[in-house]
Amino acid sequence: MDLEKTYYEKNLIINNREFRYKGIFKVDDLFRTLNRALDEKSYQKREKKTEELVTESGKRTYIELRPFKEKTNYVFLMIKIKILLDNVTETQENKQTYSQGNVALIFDSWVLTDYQHRWGLKPFVYFMKGVISKYFYKFPLEESFPNELVSDTNHIYQQINSLFKSYRFQEKKIAKEEDILKIVEKEIGKSESQLNLF
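The rules behind each value
Residues numbered from 1 in each chain as written. Predicted model: local features only at pLDDT ≥ 70, side-chain atom pairs only at ≥ 80, totals over all residues. Heavy atoms only, no water. Helix = DSSP H or I, 4+ residues; strand = E, 2+ residues; numbered from the N terminus. Contact = heavy atoms within 4.5 Å. Buried < 20%, exposed > 50% of the residue type's maximum accessible area, 1.4 Å probe, protein only. Salt bridge = Lys/Arg side-chain N within 4 Å of Asp/Glu carboxyl O. Polar contact = N/O pair within 3.5 Å; in protein donor to acceptor, adjacent residues only side chain to side chain. 1 Å grid on protein atoms, 1.4 Å probe; cavity = no way out; pocket = protein on both sides within 12 Å on 5 of 7 lines; lining within 4 Å. Points joined across faces, edges and corners; volume = space filled by probe spheres on them. Nonpolar A, V, L, I, M, F, W, Y, C, P; charged D, E, K, R; others polar. Phe/Tyr/Trp six-rings, centres within 6.5 Å; stacked < 30°, edge-to-face > 60°. Lys NZ or Arg CZ within 6 Å of the ring centre and 35° of its normal. Core = buried A, V, L, I, M, F, W, Y, C linked by side-chain atoms within 4.5 Å.

Asker: Would you take a moment to explain the environment of Tyr167 for this structure?
Answerer: Note that Tyr167 resides in helix H4 (residues 140-173). Placed 142 residues apart in sequence, Tyr167 and Phe25 show a C-alpha to C-alpha distance of 6.2 Å. Discounting chain neighbours no more than four positions away, the residues touching Tyr167 are Tyr21, Ile24, Phe25, Lys26, Asp29 and Tyr98.

Here it is, written out as structure tokens:
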């Protein structure tokens, strides 16, 4: 099954829904969460492209995933997920190793239909079916596919969002060494000035 065929009718349902985050995170958690969310919605995973570049400011990784779900012999749901990890460096927080940098996920969702082969490659029948479907009558089964795709994409987006919200909580909870040293210096300075008063 080749989803890159040129004769699929491709209907873009969600275009460039973006998720952005800057801070600490674990790359393994990101992909574990993404894979679990795709499995929950019965998508078959497929990786289209991976690029990695190491720069002075950190690693830059680009990954494009195209998971898909086969609904009928002629209809597929596909979510294109572009993941960009930029300026990623390793950092230690409370004896745990985290990555720190910028994360961007971009979601495009497509309904792919292959009615050309379903209708026996007869152009007139294919054309009439398209006109009827667009202007007069939507078949109930076909009408549910875009709604399901939107729901699936939203589920994956929410899983990723809740993962990164947990990191924001951890960032606030974890005190950095420099901050603790500043607080101690201030307290020591106050206690010395109080001692001088007596």
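Asker: Is there a simple way to explain unusual backbone geometry in this structure?
Answerer: A negative phi angle is the norm for most residues apart from glycine, just as the trans form is the norm for most peptide bonds. Positive phi outside glycine occurs at Asn16, with the angle close to 55 degrees. The topology assignment puts Asn16 in strand E1 (residues 9-25). With a phi angle near 55 degrees, Asn87 is a residue other than glycine that sits in the positive phi range. Considering the arrangement of structural elements, one finds Asn87 in strand E5 (residues 75-93). Overall, the relative accessible area of 30% leaves Asn87 in the partly exposed class.

Asker: Explain the environment of Gln158 to me, please; I cannot follow it from the model alone.
Answerer: Note that Gln158 resides in helix H4. Between the alpha carbons of Gln158 and Phe19 there is a distance of 9.9 Å; along the sequence they are 139 residues apart.

Asker: Before we go on, may I ask you to explain the pattern of salt bridges in this structure?
Answerer: Where charged atoms from two side chains of opposite charge come close, those side chains can pair. In the structure shown here, the tally under the stated rule is ten salt bridges. Between Asp152 and Lys69 there is a salt bridge, with the nearest N and O atoms lying 3.0 Å from each other. Of this pair, Asp152 sits in helix H4 while Lys69 sits in strand E4 (residues 68-70), placing them 83 residues apart in sequence. You can call Lys69 buried: its relative accessible area is 9%. Taken together, the shared-partner salt bridges in this structure form one network comprising Lys69, Lys71, Glu148 and Asp152.

Asker: Help me out: how do you make sense of the side chain of Asp108 in this one?
Answerer: Relative to the elements of secondary structure, Asp108 occurs in strand E6 (residues 96-113). A polar atom in the side chain of Asp108 sits 2.7 Å from the backbone nitrogen of Asn16. Setting aside its immediate chain neighbours within four residues, Asp108 contacts Leu12, Ile14, Asn15, Asn16, Met78, Ile79, Lys80 and Lys82.

Asker: What exactly am I supposed to notice about the layout of surface pockets here?
Answerer: Leftover empty space is mapped by rolling, across the atoms, a probe with the size of a water molecule. Size it by volume and the largest pocket reaches roughly 400 Å³. Every residue lining the largest pocket is counted, 17 residues in all, and those nearest its centre are Glu9, Asn11, Lys129, Ser133 and Lys138. If you list the elements that add at least two residues to the lining of the largest pocket, you get E1, E6, helix H3 (123-136) and H4. The element best represented in the lining of the largest pocket is H3, accounting for seven residues. Of the residues in the lining of the largest pocket, the class split is eight nonpolar, four polar and five charged.

Asker: Explanation requested: the packing of aromatic side chains in the structure shown.
Answerer: Each aromatic ring pair is specified by the distance between its two centres and by the angle formed by the two planes. Considering all chains together, one arrives at seven aromatic pairs under this definition. On the basis of an interplanar angle of 35 degrees and a centroid distance of 5.4 Å, the ring pair of Phe19 and Phe164 is categorised as tilted. Taken as a pair, Phe19 in strand E1 and Phe164 in helix H4 lie far apart in primary sequence, 145 residues in all. Taken together through their ring pairs, the aromatic side chains of Phe19, Tyr21, Phe25, Tyr98, Phe107, Tyr157, Phe164 and Tyr167 make up a single cluster. Against the face of Tyr157 rests Arg17, its NZ or CZ located 3.8 Å from the ring centre. Positioned above the aromatic ring of Tyr98 is the side chain of Lys26, whose terminal nitrogen or guanidinium carbon lies 5.2 Å from the ring centre.

Asker: Would you explain the nonpolar core in this entry?
Answerer: As a rule of thumb, nonpolar side chains are buried together in soluble globular proteins. Formed by 31 residues in total, the largest nonpolar core has its most connected members in Ile83, Leu105 and Phe164. Those elements that provide at least two residues to this core are E1, helix H1 (27-40), strand E3 (58-65), E5, E6 and H4. For this core, the element with the most residues is H4, which contributes eight residues. When near neighbours in sequence (up to four residues on either side) are disregarded, Leu105 contacts Arg17, Glu18, Phe19, Leu30, Ile81, Lys82, Ile83 and Ile160. Core analysis: the next-biggest nonpolar cluster, separate from the first, contains six residues, Phe76, Met78, Trp110 and Leu112 among them.

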